[in-house]
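# A closer look at the structure
So you can see what is in the structure, the chains are spelled out below.
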Amino acid sequence: MESPFKPELLKGKVALITGGGSGIGFEISTQFGRHEAAVAIMGRRRNVLDAAVAALQSEGIQAIGLEGDVRKREDATRVIETTVRHFGKLDILVNGAAGNFLASPEDLSPNGFRTVLDIDSVGTYTMCHEALKYLKRGGPGKDPSTGGLILNISATLHYTASWYQIHVSAAKAAVDSITRSLALEWGTDYDIRVNGIAPGPIEGTPGLRKLSPEEMTSKTREYMPLFKFGEKWDIAMAALYLASDAGKYVNGTTMVVDGGLWLSHPRHIPKEEVKELSRVVEKKSRTSRVGVPTSKL
Ligand code: COA
């Protein structure tokens, strides 16, 4: 699908996207590149990075792939410094790297729980921490009048509770909290905007493949408000909005892009029965309140 934004939306910007070699992260990298940002993508697998960079460059996008694990502080520092050395500065950091699998708490070891928090929560914090000196207003190579942007990819799992996702729910709750704290502190002190995006189920992503086996996805569709899964494009468009000047007053928010799914649960009464049922209940309650049927009043 074509982007509704003008092609030069991010002209002159440099973005670093963790987890940018595949899934939602790759789509964000592609759309940022198509809107004239230079992109560095960080990931653990060299072959995935190489394929992603080749695809980006084939579209004329300035792109580099940097191997690293967000759980390792030295990797975070090296990748950020290499990005700045290569492109001259850093304007946008997207924390997209995440770990996930389905597990019930009784089968999830404390180390399994910790592993996901290490990637999603501590990894996000580490990248933000190491990137601060480049993202802040007046950072090397940057337009002195404005600071940079951090975008944290989150989820909606923890708004209520989600089966077999205790680890990711805890991890993303921490990510949202980091988003708000940094928006407050770094928005005030360094002119850095910090926002998040909480995608719903997005077709063609490792997340959906891992978390929703086919039988479950067809059942889920029945009570999805918009009766469809999202596309990676939907998330990338939200990222473009937040990264552009259109989002210049948006700070500390996590934008839910899920078609309203997190609000939904199965209808407990068919619509046709609601009118009738509510009238009956209303009549009964009036009768019992005054002791005589409503018709006799
Ligand atoms: N069920 C229960 N526990 C699991 C598990 C599963 N499916 N997969 C991993 N674990 C546990 C391991 O048993 C281990 O705990 P233990 O030492 O107590 O046994 C712990 O998690 C770490 O596992 P390990 O395989 O060593 O971690 P890793 O660092 O190699 O991989 C993961 C990290 C597990 C998060 C892996 O799924 C991953 O790399 N994911 C990245 C991609 C991804 O998930 N994308 C989707 C984004 S939504």
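Owing to the predicted nature of the structure, the values given are computational and were not obtained by experimental measurement.

Let us now look at the nonpolar core. I28, F32, V39, V94, L151 and I197 are the most contacted members of the largest nonpolar core, which has 34 residues in total. Secondary-structure elements contributing two or more residues to this core are β1 (14–18), α1 (23–34), β2 (38–43), α2 (46–58), β4 (92–95), β5 (149–153) and α8 (232–243). It is α8 that provides the largest number of residues to this core, a total of nine residues. What V94 contacts, discounting residues up to four positions off in sequence, is L16, I17, T18, I28, F32, L151 and I153. In this structure, I64, C128, Y134 and L135 belong to the second largest nonpolar core, which totals 30 residues.

Not every one of the 15 residues close to the ligand is listed here, only the nearest: R44, R71, S109, N111 and K210. Between the ligand and the protein, one listed contact pairs an oxygen atom with a backbone N or O atom of N100 at 2.9 Å. For the ligand, an oxygen atom lies 2.8 Å from a polar atom in the side chain of N111. When the ligand sits alone it has 940 Å² of accessible area, and the protein chains cover 55% of it. Every element with two or more residues in the shell around the ligand is listed here: α4 (110–135) and α6 (206–211). Sorting elements by how many residues they give to the shell around the ligand places α4 first, with four residues.

Here T18 shows up in strand β1. Residue contacts for T18: discarding those within four places in its chain leaves M42, V70, V94, N95, G96, A97 and M127.

Here the structure, examined in full by the defined rule, presents eleven salt bridges. The network of salt bridges with common partners includes R46, D50 and E67.

How each quantity is defined
Counting of residues starts from 1 at the beginning of each chain's written sequence and follows it residue by residue. Per-residue local features are limited, in this predicted model, to residues with pLDDT of at least 70; the limit for side-chain atom pairs, both in listing and counting, is 80 or more; totals at the level of whole chains, interfaces and linings are taken over all residues. Computation of side-chain values covers all heavy atoms of the structure but excludes hydrogens and water. To form a nonpolar core, buried Ala, Val, Leu, Ile, Met, Phe, Trp, Tyr and Cys residues must be joined to one another through side-chain atoms within 4.5 Å. Only protein chains enter the accessibility calculation, which uses a 1.4 Å probe. A residue is then buried if its area is under 20% of the maximum for its type, exposed if over 50%, and partly exposed in between. Only DSSP runs of H or I covering at least 4 residues are called helices, and only runs of E covering at least 2 are called strands; the numbering of each starts at the N terminus. The contact criterion used throughout is that any non-hydrogen atoms of two residues lie within 4.5 Å. For this purpose, a residue is taken to be near a molecule or strand whenever a single non-hydrogen atom of the residue falls within 4 Å of it. Polar contacts here mean pairs of N or O atoms no more than 3.5 Å apart (in protein, one a potential hydrogen donor and the other a potential acceptor; neighbouring residues in sequence count only if both atoms are side-chain atoms). All accessible areas in this document rest on Shrake-Rupley with a 1.4 Å probe, and a residue is counted as covered only by the protein chains that are shown. Between Lys or Arg on one side and Asp or Glu on the other, a salt bridge is scored when a side-chain nitrogen of the former is within 4 Å of a carboxyl oxygen of the latter.

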